[in-house]
Amino acid sequence: PLRAKGHNPAQPPRRNEIGARMPPCLVLTRPQAASESFARQARAAGWRGDVLIAPLMQIRLSPPPPVLLNEARVLIFTSQHGVASFAEATSSRHWPVWAVGPRTAEAAGRAGFELIAQASGGDAASLLAELDAAQIAGPFLHLHGRYLASDIAAALRARGHDARGCEVYAQEALALSDAARARLLQGGDLVLTAFSPRSAQLLAEQIAALVLDRAKLHMVAISQAAAEGLAALPLIHRQIASQPDAAGMLAALSHIQAALEPFEKPS
């Protein structure tokens, strides 16, 4: 795991006096449904601290035009939102689908697709490598959001494939709610989550506008790219998921929790 400068891994992060009696707080900034889902998973995995759901993005779907779907032979999805937007465009499900990870593959299955391949590595690099190995012929259509972590269509074209991308949803920024701001200002140990570079950037911008002199900040990030969005914050402890999915984030969160405990135990 990455650690902030000067951090001694043998010593757990010390809570300030004001926040000493407060349990750690897991801060989730994904859209409401996704945050609620991860909160349930975290509880099931043993998280005993508080949970603050403070969405910094909302999803607006913009279904793809039929002409693009008619030209495509293989569909590529890198998020559940892409699947949801596609489902609003047509009831047809005859295309083979390549999904970046398990949650996207599950969403495609629920939407009615039958021919679904899932990238084993859970990221764009593994998806591209496995497409190459499978020698699949296009045309490919990548249905993605406004902010691209990886331009898969461009990478496929560089490999000589016929591929196009289509923006089918937008991640619109939201301000922190008054309740979320109040909880952050209370301080204590705040475990910030970064599920994407975009969400991390939005969180860093909003935290920078607050005076969190009562808080100790910790981070759990799904990838190095996502972690960089929070790098400018005064983080005590940093954990990057060993794999870019919910299971990886839960495992990273457990390391943070172990460092912060025994917050419930008597001294």
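Described below are features of the structure shown in this document. All figures in this text were calculated on a predicted structure; none of them were measured in a lab. (Residues numbered from 1 in each chain as written. Predicted model: local features only at pLDDT ≥ 70, side-chain atom pairs only at ≥ 80, totals over all residues. Heavy atoms only, no water.)

Here the focus is the overall build of the protein chain. If you tally the helices and strands in the protein chain, you get ten helices and eleven strands. Per-residue burial for the protein chain yields a buried fraction of 46% across its 267 residues. Within the protein chain, residue pairs in contact and separated by at least 24 positions form 66% of the contacts whose partners lie at least 6 positions apart. As displayed, the protein chain has an accessible area near 12800 Å², and 50% of this comes from carbon and sulfur atoms. (Helix = DSSP H or I, 4+ residues; strand = E, 2+ residues; numbered from the N terminus. Buried < 20%, exposed > 50% of the residue type's maximum accessible area, 1.4 Å probe, protein only. Contact = heavy atoms within 4.5 Å. Areas by Shrake-Rupley, 256 points an atom, 1.4 Å probe, with all protein chains shown as cover.)

Quick look at the sheet that holds strand β2 (residues 50–53) now. Taking strand neighbours across the sheet as the criterion, the five strands line up as β2-β1-β9-β10-β11 in an open arrangement whose pairing is parallel. Of all the strands in the sheet, the pair left with one neighbour each is β2 and β11 (235–240). For this sheet the average axis-to-axis angle between neighbouring strands, irrespective of direction, equals 20°. Pairing analysis gives three bridges linking strand β1 (residues 25–28) to strand β9 (residues 188–194), with the strands arranged parallel. Note that in β9 the partner of V27 across the bridge is L192. Relative to β2, helix α1 (residues 32–44) is tilted by about 170°, and along the sheet it contacts β1 and β2. With respect to the sheet, helix α10 (residues 246–260) is in contact with β1, β9, β10 (215–221) and β11, its orientation differing from that of β10 by roughly 155°. (Pairing = 2+ DSSP bridges. Axes fitted to C-alpha atoms, helices over the stretch in contact; angles between N-to-C directions.)

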